[in-house]
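Architecture at a glance
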Amino acid sequence: MSGRAWVSVLMIATLSGSASRSRPKPFLPNMNIPLECARIRLIDCDLSFRPPHCRTAAVTYRKGCEQVMVVVK
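Below is a short write-up of the structure.

What counts and how
Residues numbered from 1 in each chain as written. Predicted model: local features only at pLDDT ≥ 70, side-chain atom pairs only at ≥ 80, totals over all residues. Heavy atoms only, no water. Pairing = 2+ DSSP bridges. Helix = DSSP H or I, 4+ residues; strand = E, 2+ residues; numbered from the N terminus. Buried < 20%, exposed > 50% of the residue type's maximum accessible area, 1.4 Å probe, protein only. Disulfide = S-S within 2.5 Å. Salt bridge = Lys/Arg side-chain N within 4 Å of Asp/Glu carboxyl O. Patch = residues over 30% accessible without salt bridge, like charges linked within 9 Å, V, L, I, M, F, W, Y side chains within 5 Å. Areas by Shrake-Rupley, 256 points an atom, 1.4 Å probe, with all protein chains shown as cover.

1. Here we look at the pairing of strand β3 (residues 53–61)
- Across eight bridges, strand β2 (residues 38–46) lies against β3 in antiparallel orientation. Along β3, the bridge assignment pairs Asp46 with His53.
- Counted between consecutive antiparallel strands, the loop separating β2 from β3 contains six residues.

Set out below in structure tokens:
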């Protein structure tokens, strides 16, 4: 593509709104779940390490136990 054509494509994308725009991050709170409410499964673990190295973990908890933590920055 020639230089002028490339600039034209960029101008059209910017002016038409199809260019990416920065968006504010949504608020994602920190959560605290008491151990008596949670079940943690460690998946695909290498037991030759202490503590074991696991590829992933799955957490399930009883609904209503979650506590939103307020973090002041």
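2. Some details on unusual backbone geometry
- Cis geometry is adopted by the peptide bond preceding Pro51, which originates at Arg50 and carries an omega value of -10 degrees.
- Mapped onto the fold, Pro51 is located in the loop between β2 and β3.
- The backbone of Asp44 shows a phi angle near 55 degrees, a positive value even though the residue is not glycine.
- With respect to the secondary-structure elements, Asp44 resides in strand β2.
- Given the relative accessible area of 46%, Asp44 is considered partly exposed.

3. Let's talk about the state of the cysteines
- The tally for this structure, following the rule as stated, stands at two disulfides.
- One disulfide bridge connects Cys45 with Cys54, the sulfur atoms lying 2.1 Å from each other. The sign of the 105 degrees torsion about the S-S bond sets the Cys45-Cys54 disulfide as right-handed.
- Once the disulfide-bonded cysteines of the chain are ranked by sequence position, their pairing pattern turns out to be 1-4, 2-3.

4. Observations concerning the pattern of salt bridges
- One pass over the full model with this rule turns up one salt bridge.
- Its salt-bridge partner being Asp44, residue Arg55 comes within 2.2 Å of it at the nearest N-O pair. Of this pair, Arg55 sits in strand β3 while Asp44 sits in strand β2, and the two are 11 residues apart along the sequence.

5. A look at a nonpolar patch on the surface
- A surface patch of nonpolar side chains, about 540 Å² in accessible area, is lined by Leu35, Ile40, Leu42, Val59 and Tyr61.
- Mapped by element, the contributors of at least two residues to the nonpolar patch are β2 and β3.
- Along the polypeptide, Ile40 turns up in strand β2.

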